[in-house]
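Working through the structure, step by step
Chain by chain, the residues:
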Amino acid sequence: MCRSIKTLRPPFTDDVTDDDIRAAALQYVRKISGFRAPAAHNAAAFERAVEEITRVSADLLASIEVRGARS
């Protein structure tokens, strides 16, 4: 598990930005690919993965219902 990826939902974090979600996605892709920065021939695939994971993560966070949370 990527220990540097923080939980991005209440009550752990109240104000999550798009940059926070993208940073977590980047850490995840770095971890599973084994690349901190991919070679030029892998850059497009790497960036596409980061963008997809960012999008899906934002959708997940928007959909999660936290029990006992006040709106």
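Our subject is the structure listed above.
The text that follows walks through the structure, step by step, so that each part is easy to find. (Residues numbered from 1 in each chain as written. Predicted model: local features only at pLDDT ≥ 70, side-chain atom pairs only at ≥ 80, totals over all residues. Heavy atoms only, no water.)

**Some thoughts on the overall build of the chain**
Looking only at helices and strands, one finds two helices and zero strands in the chain. Along the longest, intermediate and shortest principal axes, the C-alpha atoms of the chain span 45 × 20 × 15 Å. By residue count, 13% of the 71 residues in the chain fall in the buried class. Taking as baseline every contact in the chain between residues at least 6 positions apart, the subset at least 24 positions apart corresponds to 56%. Carbon and sulfur atoms make up 52% of the accessible area of the chain, which amounts to about 5,800 Å² in all. Charge separation in the chain, taken as the distance between the mean sites of 11 positive and 10 negative side-chain charges, equals 9 Å. (Helix = DSSP H or I, 4+ residues; strand = E, 2+ residues; numbered from the N terminus. Buried < 20%, exposed > 50% of the residue type's maximum accessible area, 1.4 Å probe, protein only. Contact = heavy atoms within 4.5 Å. Areas by Shrake-Rupley, 256 points an atom, 1.4 Å probe, with all protein chains shown as cover. Lys, Arg positive; Asp, Glu negative; His and termini not counted. Charge placed at Lys NZ, Arg CZ, Asp CG, Glu CD.)

**What about the pattern of salt bridges?**
Using the criterion set out here, one finds four salt bridges in the structure. With a shortest N-O distance of 2.4 Å, Glu47 and Arg22 are connected by a salt bridge. Taken together, the residues Glu47 in helix α2 (residues 40-63) and Arg22 in helix α1 (residues 18-33) connect sequence positions 25 residues apart. Here Arg22 falls in the partly exposed class, since its relative accessible area comes to 27%. For Glu52, the salt bridge goes to Arg55, with nearest N and O atoms at 3.0 Å. Of this pair, Glu52 and Arg55 both sit in helix α2, three residues apart, roughly one helical turn. Under the relative-accessibility criterion, Glu52 is labelled partly exposed at 41%. The structure contains a network of salt bridges with shared partners spanning Arg22, Glu47 and Glu51. (Salt bridge = Lys/Arg side-chain N within 4 Å of Asp/Glu carboxyl O.)

**Points about α2**
Over its 24 residues, α2 runs 35 Å from end to end, which matches the ideal 34 Å to within 8%, given 1.5 Å per residue. When we look at burial in α2, the residues that qualify are Phe46, Val50 and Thr54. Lining the buried residues of α2 we find α1. (Expected span 1.5 Å × (residues − 1).)

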